[in-house]
Amino acid sequence: MAKSVCIVGAGPSGLVAAKTLLHDAPAGSFKVTIFEAQPRIGGLWPTRRDDNDGLLHPLMVANQSKHTVQFSDFAWRDSDPEFPRAWQVGQYLERYLNKYGGSDMRLGHKVVAADLQGDCSWKVHVESSTGSETGVFDYLLITTGFFGHPIWPDYVPREAEVPIIHSSKYRDIRSLLAKSNRRGGKILVVGGQMSGIEIAATIATHVSSATHSPGEKIIEEPEKYSIHHVIHRPSWVFPLFTSPKGHISLDAARLVNSIYRSFLGTDQSEFSPETKIGGDLLDEQPLVAMSSWYTDFVRSGLIKISQGKLSSFSGNVATLSPTNERISDIAAVVLATGFDPGPSLSFLPPSVLETISYSPSHPNLPTALAFHGTHHSSLPTLGFVGFYRSQYWGVMEMQARLVAHLWTHPPPSQSPELQQALAADDSIARTLALRADSRVSQFPMGDYAFLMQEFARALNIQISPFGSTPPLANGKSMDVLTPARYSSATQIQNQSQRKQIEANLRSTRDTAVAGLSRARFVAGAVFRSLLGEWRLERDLISRLPSHPSGRFVGTARFLLREGTADGRSSVSRNSSPSCPTGNNINNDGIQEQEQEQDPGLEYLYIEDGTFTARDNPSLSFRATRRYIWRYDEARDVLSVWFARTDDASRADYLFHEVEFLVPGADTDAVAPATPGIPGGISGGGAVAAVGETNKVVDEGESKKGWLARASHLCVEDLYDVHYEFNFRSVNLKEWKLGYTVRGPKKDYSIDGVYRR
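Every chain is numbered independently, its residues counted from 1 as its sequence is written. The predicted origin of the model limits local features to residues at a pLDDT of at least 70 and limits the giving and counting of side-chain atom pairs to 80 or more, whereas totals for whole chains, interfaces and linings rest on all residues. Only hydrogens and water are removed before side-chain values are computed, so all heavy atoms of the structure are retained for them.

Where helices and strands are cited, they refer to DSSP runs of H or I of at least four residues and of E of at least two residues respectively, numbered from the N terminus. Along the backbone of the protein there are 15 helices and 32 strands. A buried classification covers 55% of the 756 residues belonging to the protein. Whether two residues are in contact is decided by their heavy atoms: any pair within 4.5 Å suffices. Pairs at least 24 apart in sequence give 69% of the contacts found in the protein among residues at least 6 apart. A 1.4 Å probe and the Shrake-Rupley method give the accessible areas. Residues count as covered only by the protein chains that appear here. Accessible surface computed for the protein: about 31,900 Å², of which carbon and sulfur atoms make up 50%. We call a residue buried when its accessible area falls under 20% of the maximum for its residue type, exposed when it is over 50%, and partly exposed in between, using a 1.4 Å probe and counting protein chains only.

A separate point is unusual backbone geometry. With an omega of 5°, the peptide bond between Ser 321 and Pro 322 qualifies as cis. Along the chain, the position of Pro 322 falls in the loop between β16 (317-321) and β17 (326-327). In this structure, Phe 371 is a non-glycine residue whose phi angle is positive, near 35°. Its location among the elements puts Phe 371 in helix α8 (residues 370-373). Positive phi, close to 55°, is recorded for Ser 729, a residue that is not glycine. One can find Ser 729 in the loop between β30 (717-728) and β31 (731-743).

A few words now on helix α4 (residues 194-212). Expected span, for any helix, means 1.5 Å times one less than how many residues it has. Taking 1.5 Å as the rise per residue, α4 with 19 residues should run 27 Å; its terminal C-alpha atoms sit 27 Å apart, in good agreement. Within α4, 17 of the 19 residues are buried, which leaves the element mostly enclosed by the surrounding structure.

Right, let's talk about the sheet that holds β31 for a bit. With respect to topology, ten strands assemble into a closed barrel ordered β21-β22-β25-β26-β27-β28-β29-β30-β31-β32, the strand pairing being antiparallel. Between one strand axis and the next, the sheet turns by 25° as a mean value, whatever way the strands run. Of the strand pairs in this sheet, β30 and β31 are connected by eleven bridges, and their pairing is antiparallel. Within the sheet, the bridge partner assigned to Asn 726 lies in β31 and is Glu 734. A fitted line through C-alpha atoms represents every axis, and for helices the fit uses only the stretch in contact; the resulting angles, taken between N-to-C directions, go from 0 to 180 degrees. In this fold α4 packs onto β22 (550-562) and β25 (601-613), with an angle of close to 115° to the strand it touches most, β22. The sheet strands contacting helix α15 (residues 522-529) are β21 (532-542), β25, β26 (620-632), β27 (637-643), β28 (651-660), β29 (706-714), β30 and β31, and the helix crosses β26 at an angle near 135°. For two strands to be treated as a pair, DSSP must find at least two bridges joining them.

The contact between helix α9 (residues 393-408) and helix α12 (residues 448-459) brings their axes to 10 Å, and the two run at 20°. Taken together, the axes of α9 and α12 are roughly parallel relative to one another. α9 and α12 meet at a crossing whose hand is left-handed. Only Tyr 448, Leu 451, Met 452, Phe 455, Ala 456, Ala 458 and Leu 459 of α12 make contact with α9, whose side of the interface consists of Gly 394, Val 395, Met 398, Gln 399, Arg 401, Leu 402 and His 405. Any angle that is under 35 degrees is reported as roughly parallel, and any over 145 degrees as roughly antiparallel; angles of 65 to 115 degrees are reported as roughly perpendicular and all others as oblique. Whether a crossing is left-handed or right-handed is set by the direction in which the near helix is turned from the far one by less than a right angle, anticlockwise for left-handed and clockwise for right-handed.

On to the packing of helix α1 (residues 12-24) against helix α2 (residues 86-99), then. Between α1 and α2, whose axes approach to 10 Å, the crossing angle comes to 15°. Considered as vectors, α1 and α2 are oriented roughly parallel to each other. Viewed along their axes, α1 and α2 form a crossing whose handedness is left-handed. Together, Pro 12, Leu 15, Val 16 and Lys 19 of α1 and Leu 93, Tyr 96 and Leu 97 of α2 make up the contact between the two elements. Gly counts as polar in this scheme, as do all residues outside two lists: the nonpolar Ala, Val, Leu, Ile, Met, Phe, Trp, Tyr, Cys and Pro, and the charged Asp, Glu, Lys and Arg. Grouping the amino acids of the contact of α1 with α2 by side-chain chemistry returns six nonpolar, no polar and one charged.

Between rings of Phe, Tyr and Trp, where Trp is taken as its six-membered ring, a pair exists when centres lie within 6.5 Å; planes separated by under 30 degrees are stacked, by over 60 edge-to-face, and by other angles tilted. Applying the stated criterion across every chain yields a total of 43 aromatic pairs. Between the aromatic rings of Phe 558 and Tyr 603, the centroid separation amounts to 5.4 Å while the plane-to-plane angle is 80°, which identifies the pairing as edge-to-face. Within this pair, whereas Phe 558 is found in strand β22, its partner Tyr 603 is found in strand β25, the two being separated by 45 residues in sequence. Sitting above the plane of the Trp 641 ring, Arg 630 keeps its charged end 4.6 Å from the centroid. In this structure, Arg 756 is placed above the aromatic ring of Trp 534, and the distance from its NZ or CZ to the ring centre is 3.9 Å. Remark: a charge is flagged as sitting over a ring if the NZ atom of Lys or the CZ atom of Arg is within 6 Å of the ring centre and within 35 degrees of the ring normal.

A few words now on the sheet that holds strand β15 (residues 309-314). Taken together, the three strands give an open sheet; going across it, the order is β15-β16-β17, and neighbouring strands pair in antiparallel fashion. Strand pairing shows two members of the sheet lacking a second neighbour, β15 and β17, which therefore form its edges.

On to the pairing of strand β1 (residues 3-8), then. Every other side chain in a regular strand lies on the same face of the sheet, so the side chains alternate between the two faces. In terms of burial, β1 is a largely internal element, five of the six residues being buried. When the strands point away from the viewer and the path from the first strand over the helix to the second turns clockwise, the crossover is right-handed. On the question of chirality, the crossover connecting β1 to the parallel strand β2 (residues 30-36) by way of α1 is right-handed. Sheet topology note: the β1/strand β7 (residues 139-142) ladder contains four bridges and is parallel. When the bridges of β7 are listed, Val 5 appears paired with Tyr 139.

In terms of burial, strand β11 (residues 225-231) is a largely internal element, seven of the seven residues being buried. In the sheet, strand β10 (residues 185-190) pairs with β11 via six bridges, with the strands oriented parallel. Paired with Gly 185 across the two strands is Tyr 225, which belongs to β11. You can see the chain leave β10, run along α4 and come back into β11, and the turn it takes is right-handed. Taken together, the five bridges between β11 and strand β14 (residues 303-307) define a ladder with parallel strand orientation. Of the residues in β14, the one forming a bridge with Val 230 is Ser 306.

Our next topic: the confidence of the model for the protein. pLDDT gives the predictor's per-residue confidence on a scale running from 0 to 100. In this model, the protein carries an average pLDDT of 89, and 90% of its residues clear a pLDDT of 70 or more. This stretch, residues 240-245, has a pLDDT under 50; its non-local contacts, to residues over four places away or in other chains, come to 38 contacts. Note that pLDDT drops below 50 for residues 673-702; the model gives that stretch 85 contacts with residues more than four away or on any other chain.

Another aspect to go through is the nonpolar core. Nonpolar cores are built from buried Ala, Val, Leu, Ile, Met, Phe, Trp, Tyr and Cys residues. Side-chain atoms within 4.5 Å join them into one set. Counting 86 residues, the largest nonpolar core has Ile 203, Trp 629, Phe 660, Tyr 723, Phe 725 and Trp 735 as the members making the most contacts within it. The leading source of residues in this core is α4, at nine residues. Apart from the residues within four sequence positions on either side, Phe 725 is in contact with Val 526, Phe 660, Gly 705, Trp 706, Ala 708, Leu 732, Glu 734 and Trp 735.

Let us look at the environment of Met 105. Checked against the element boundaries, Met 105 lands in strand β3 (residues 104-107). Here the alpha-carbon distance between Met 105 and Ala 10, two residues 95 residues apart in the chain, equals 8.3 Å. Residues in contact with Met 105, not counting those within four places in the same chain, are Ala 10, Leu 15, Ile 34, Ile 41 and Leu 97.

Relative to the assigned elements, Ala 332 resides in strand β18 (residues 330-335). Since its relative accessible area comes to 0%, Ala 332 is described here as buried. Remark: the alpha-carbon pair of Ala 332 and Leu 188, spanning 144 residues in sequence, is separated by 6.2 Å. Setting aside anything within four residues of it in sequence, one finds Ala 332 in contact with Val 162, Pro 163, Leu 176, Leu 177, Lys 186, Ile 187 and Leu 188.

Looking now at α15. The element α15 is largely enclosed, with a buried count of eight among its eight residues. By the burial criterion, the buried members of α15 are Val 522, Ala 523, Gly 524, Ala 525, Val 526, Phe 527, Arg 528 and Ser 529.

Next up, the structure:
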């Protein structure tokens, strides 16, 4: 007879747990009911682009790629971006549920109490808009996730002279400042780890866009605002990242910090003294964060950093400890202070909370559970999936498999591998020890490779081969770790599931090969790296006496803003297909929002300086010009557009699209130095970083950076354009732009060098 299971929560953890119990366990083993307090599935992940009621902005870009934000036997579509937006993750979950259904899904039903009965069953009390109900279940599976309720520090008032919100409620700069009567000032961001860095960069992007976008300003005098970020100590800021595990010894800290510094090619002092990680900080357990824009916004001055802790806030003034620094002229406050997981367990009785060592004073390690957060031997009918602070969906899928195996295989029938793994497990003792450990890592459950291997050994799951790739700098092939490489025998035997697994593996391998053997993703890496101000020196050599040769010296600024529609219709033939916004019924039979083309972000490029004639130095004058630079993620194309003469903040028409040259592919391009890819790739950090790990060219060195070219016919004048981009690890240090112009009345060459 099928055992009844109550699953609390219909986010990724709840859905993969239900699927595992219903589709991977022996047929007829379980009947599953899922209670979800929200009126939709997805948990944190909204399922519509206009769903602003949850804890995640629907347009937020995931900081993990779709090669990790996936389940082993359900593939993303090829048209989905490498880094999906939050609402796209929610729609992936809807498609997953549609394929692997069978549960009794009860949306809008909140579990308010779960009482353990004498026979180890659970009496579950539920409330909904229609009233209360009670049911008895053989098993209780908690998949409520780690983000129970935003933490609001006691020293921060709920109401003040300026708006104060938690970072989970930030949506845009206009709504943040809607209740403010100030014009200009500091937007204070409190919290220096991952969410703090991401939200500071997001707000800076919105302020930059409000300042530099054409047309009517969305807020008054946006140029008068800045972001002031309060951090405890600096973090390594990666385009991609991975995390160490558990206790971080002194030697391990030094090693990992040196690896991070090598990968980034900097100690981050070039951005600001406050972002530098050196000296005694190299002995501390590393903190990591992911942001494409944060460090360059710090370098530009739009984000300013103060180290310390917010101790009080009054009026529009914040005071930090231990320095007693006062930050005044605050226009708004955003608290990136994390989440309290306690509400996610509030329905459990005190005796159960005591058994699992629940501690509200340790929000990062609130429970002590066996075998990497899955169960407690004293509570054999209680399981946990996804109750940890980390991003890797493969781990929650493995947790679901282990719980299902425990519930279908009592101890006498467990495999020797599982018995040995459970006997050797010290997860509870390690968790309790880490609570008092001053050197606990940022993500105690962050070692993806270790956890996947631990579960695979216990469940006797063999990792599947990934296939060969072009060699890395060390001469070895990539060995990318994804959930699809850990497929159970039951999944492989099912033809439909096997096809999905193969599709996942193929997608990841194709992405890796494209990054290693072609110029894919280099355009995106360059675009990300251009933000801010560059020193520009340019030589013009004219072959016509009517046009003087000379030298330009000045600056070039790349000002980030939201993408505009200007000029795009004139090149629609070159653009990826776009669809009108609306709903359609997809091949799986569910209603889904169509993906209209997202213009993404763009730069307003402004150069300003002095041109001096070579043969007549007294001929010197100020020169300025503007362009619009864009990156089309769907096509992986970088493009440059002429600015309009009547409104230099708007794009007029396409100048050229940049074609990156593949080393060795019948071009003169020389292979750039590629010291490797981030370790985070095995942990689900994007494969899409491969193309950007290039070193800056040293003097006298013959090797070049990434070469690119373009061409543009302007009436009768032909522009042949060439680029060279030199990276040091993930940061662009220097780049060159030159072009030769030939026509009836033009014959000159320009060569410019851009340096930080």
